[in-house]
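Working through the structure, step by step
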Protein chains: 2
Amino acid sequence: MAVTPNPRICVLSGGVGAARLLAGVTRRKLAPATTAVVNTGDDTWIAGVRVCPDLDTITYTLSGLVNPHTGWGIAPETFSALTMLRRLGGPTWFTLGDRDIGLHLYRTDRLRRGEGLRSITRDVVRRLGIDIDLVPMSDDEVATMLTVRTDDGVAEVGFQEYFVAMRHQPHVERIRYDGIATARPHPDARTAIAEADLVIIAPSNPFLSVFPILELGDLGDLVRDARDRTVAISPIVGGQAIKGPAASIMADFGLEPSATSVAQLYAPYAGTLVVDHRDGALAGDVERHGVRAVVMDTMIADPDRSADLVDRLVQVVGSDR
Amino acid sequence: MAVTPNPRICVLSGGVGAARLLAGVTRRKLAPATTAVVNTGDDTWIAGVRVCPDLDTITYTLSGLVNPHTGWGIAPETFSALTMLRRLGGPTWFTLGDRDIGLHLYRTDRLRRGEGLRSITRDVVRRLGIDIDLVPMSDDEVATMLTVRTDDGVAEVGFQEYFVAMRHQPHVERIRYDGIATARPHPDARTAIAEADLVIIAPSNPFLSVFPILELGDLGDLVRDARDRTVAISPIVGGQAIKGPAASIMADFGLEPSATSVAQLYAPYAGTLVVDHRDGALAGDVERHGVRAVVMDTMIADPDRSADLVDRLVQVVGSDR
């Protein structure tokens, strides 16, 4: 594409990493033409309410409600409902804050009335003053299930149970996206990918955040079609995940935790991989997978640095077409 | 009955008045043999959770959680979820506190899994250390609907909307218990009435709290059968309701708001009516309805006075058999 002042951007998004990238998009006034297609494979029912961890993390980050220390949840927050739930013997392994519950109640009530997650999310985004369109990948439920090995043996558990209750410690033998075969991509997600000038695969967990999107209906095919305008940002820097269990799961699957392995995973989808300057030496290995390597600072600790990164991505993709 | 040390007591219960009476039962160690059959006609769905105002008021009172200033709700309490719901444009006319929501989430989650309100309530009671068995009148949903006249004309609204949002100000033209024809009394409610040595109709609103119980299946017939061991406590003292709209609804229905009218309403069910000493002059009028009048102090502002009242009721019913 030519570098235009208002490129249409579509960000395939998980949670914290995507949220910080999108905060940069907002900073650069690219937001009105930006759509985040958000993984909902982490979504789950807890205490009867529908919790959407990736959507919520992005929502709280972009509305300024997020807890800056954790990168997820709200601060300040109270935990009165959880205290009562604990007293009653209800589920308390997942930390539901009271303000957070307010959103869950709002969403769950509308879901129970038969409304779609997409339209509910649109209203939440509008009410909280967010200027990026957040599109859940589907209105249908998909559940990321992990077969894990613990001291007690092998068991299949839901993502949040693995991630929160088990603190993502167990060895992962298999990942399965329950419901993916019948779930339909939301039409707005399809449009956002197909019409984007720049598709960004956020620095999110490939197995837990990005592949649920890529394996949903024809979304993966649409990204393949957009491969030369798709840029992935490696979530692995210096052999470690920026956040969460991406590196350990790669190792569990027999992959070296590195930007090179990320290139291998994303090669069918992304023509370009952004590699952190600390992994600059891997650029040659990345390109052996047929993926152009672009080395830059990917540590997006604050929205200004994230905005700089987004500027560079727009230029990078614009420069070769 | 003979006055036994452990009479089996069944209290037909609404909200605040019944809760205070039951607090007296607890004080007198009559609790293990006491069952409260609780009106659930006020129950409603708010923000996707099942709210049971009468059950909750009794639960919070007997567990010591209740807000002593209101007689309902919890204190101390936070309102973080409500603040978020308001920001999102969700329903906020009903004041849902965060600790209160903790209970609603627990209950709603189990209801959604197909469990009955009776067994859920049993677990709540056990967890909160309550020593009286609280039996919802039914596991089936009944909704008290009021036809009200306002400046905008005539409309039918749910009880909570009338009571909370409209502050029980409108003229009431009609009261209907939606679902009462098909709802089934809980078997434990039937047993509690049939086997009680003393049935107490709490000083609750006859139209909004007691008749939903009496008109449910054969519960009214069972109370008629127990008429000579049933004592009602007048919720009208000095021409006014102790709490809420009982007096104004009586007037709307063409009844003088008085203990005499209460006697008329309950004559088929209760052989005895407890009249406050301030209404002692009405005893003769009460008895003209074929109901024995017993004059005593019915202002049960604290559990000790409530306990004294319960002691007297046990003696009163025991004395004439």
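The name given to chain A in an unreviewed UniProt entry is LPPG domain protein containing protein, with Acidimicrobium ferrooxidans as the source organism.

A look at the overall build of chain A
Of regular secondary structure, chain A possesses 13 helices and 14 strands. A compact globule built from 321 residues would reach a C-alpha radius of gyration of about 20 Å, and chain A, at 19 Å, matches this within 12%. Considered along the principal axes of its C-alpha atoms, chain A spans approximately 60 × 45 × 40 Å. Considering chain A as a whole, with its 321 residues, one finds that 59% of them fall into the buried category. Long-range contacts, defined as pairs at least 24 residues apart, comprise 67% of the intrachain contacts of chain A with a sequence gap of at least 6. Summed over its atoms, the accessible surface of chain A is roughly 12,400 Å², and 47% of this surface lies on carbon and sulfur atoms. Across chain A, the mean location of the 33 positive side-chain charges is 4 Å away from that of the 41 negative side-chain charges.

Topic: the sheet that holds strand β7 (residues 153-158) of chain A
Residue and element names in this part refer to chain A. On the basis of which strands lie adjacent, the open sheet formed by three strands has the order β7-β6-β8 and antiparallel pairing. Of all the strands in the sheet, just β7 and β8 (171-178) have a single pairing partner and so form its edges. Sheet twist, expressed as the mean angle between neighbouring strand axes with direction ignored, is 20°. Direction of pairing for strand β6 (residues 143-150) relative to β8: antiparallel, over a ladder of seven bridges. Looking across to β8, one finds that A143 is bridged to D178. Strand contacts of helix α8 (residues 206-214): β6 and β8, with the helix running at about 25° to β8, the strand carrying the most contacts.

Considering the relation of the copies chain B and chain A
The operation relating chain B to chain A is a screw motion whose rotation component is 180°, with 0.0 Å of axial translation and a residual RMSD of 0.0 Å. Classification of the inter-copy transformation places it as that of a two-fold axis. Among all C-alpha atoms of chain B, that of D98 of chain B lies closest to the rotation axis, at 3.1 Å. Comparing interface residues between copies, 96% of those in chain B also sit at the interface in chain A, which points to an isologous, same-surface contact.

Considerations on the interface of chain B and chain A
Taken together, the contact pairs 28 residues of chain B with 27 residues of chain A. Remark: the boundary between chain B and chain A carries zero salt bridges. Across the chain B-chain A interface, the total number found is four residue pairs in polar contact (both at pLDDT 80 or more). Mapped by element, the contributors of at least two residues to the side of chain B that touches chain A are α3 (80-87), α4 (98-112) and α5 (117-127) of chain B. The element contributing the most residues to the side of chain B that touches chain A is α4 of chain B, with nine residues. Taken together, the residues that form the side of chain B that touches chain A break down as 14 nonpolar, six polar and eight charged.

Some points on the side chain of H186 of chain B
All names here are of chain B. You can see H186 is positioned in the loop between β8 (171-178) and α7 (187-195). The class of H186 is buried, set by a relative accessible area of 12%. With residues up to four places along the chain from it excluded, the contact list for H186 reads R118, V135, P136, M137, S138 and D139.

What counts as what
- Residues numbered from 1 in each chain as written.
- Chains lettered and ligands numbered in written order.
- Predicted model: local features only at pLDDT ≥ 70, side-chain atom pairs only at ≥ 80, totals over all residues.
- Heavy atoms only, no water.
- Helix = DSSP H or I, 4+ residues; strand = E, 2+ residues; numbered from the N terminus.
- Rg over C-alpha atoms; globule rule 2.2 N^0.38 Å.
- Buried < 20%, exposed > 50% of the residue type's maximum accessible area, 1.4 Å probe, protein only.
- Contact = heavy atoms within 4.5 Å.
- Areas by Shrake-Rupley, 256 points an atom, 1.4 Å probe, with all protein chains shown as cover.
- Lys, Arg positive; Asp, Glu negative; His and termini not counted.
- Charge placed at Lys NZ, Arg CZ, Asp CG, Glu CD.
- Pairing = 2+ DSSP bridges.
- Axes fitted to C-alpha atoms, helices over the stretch in contact; angles between N-to-C directions.
- Least-squares fit on C-alpha atoms with pLDDT ≥ 70 in both.
- Salt bridge = Lys/Arg side-chain N within 4 Å of Asp/Glu carboxyl O.
- Polar contact = N/O pair within 3.5 Å; in protein donor to acceptor, adjacent residues only side chain to side chain.
- Nonpolar A, V, L, I, M, F, W, Y, C, P; charged D, E, K, R; others polar.

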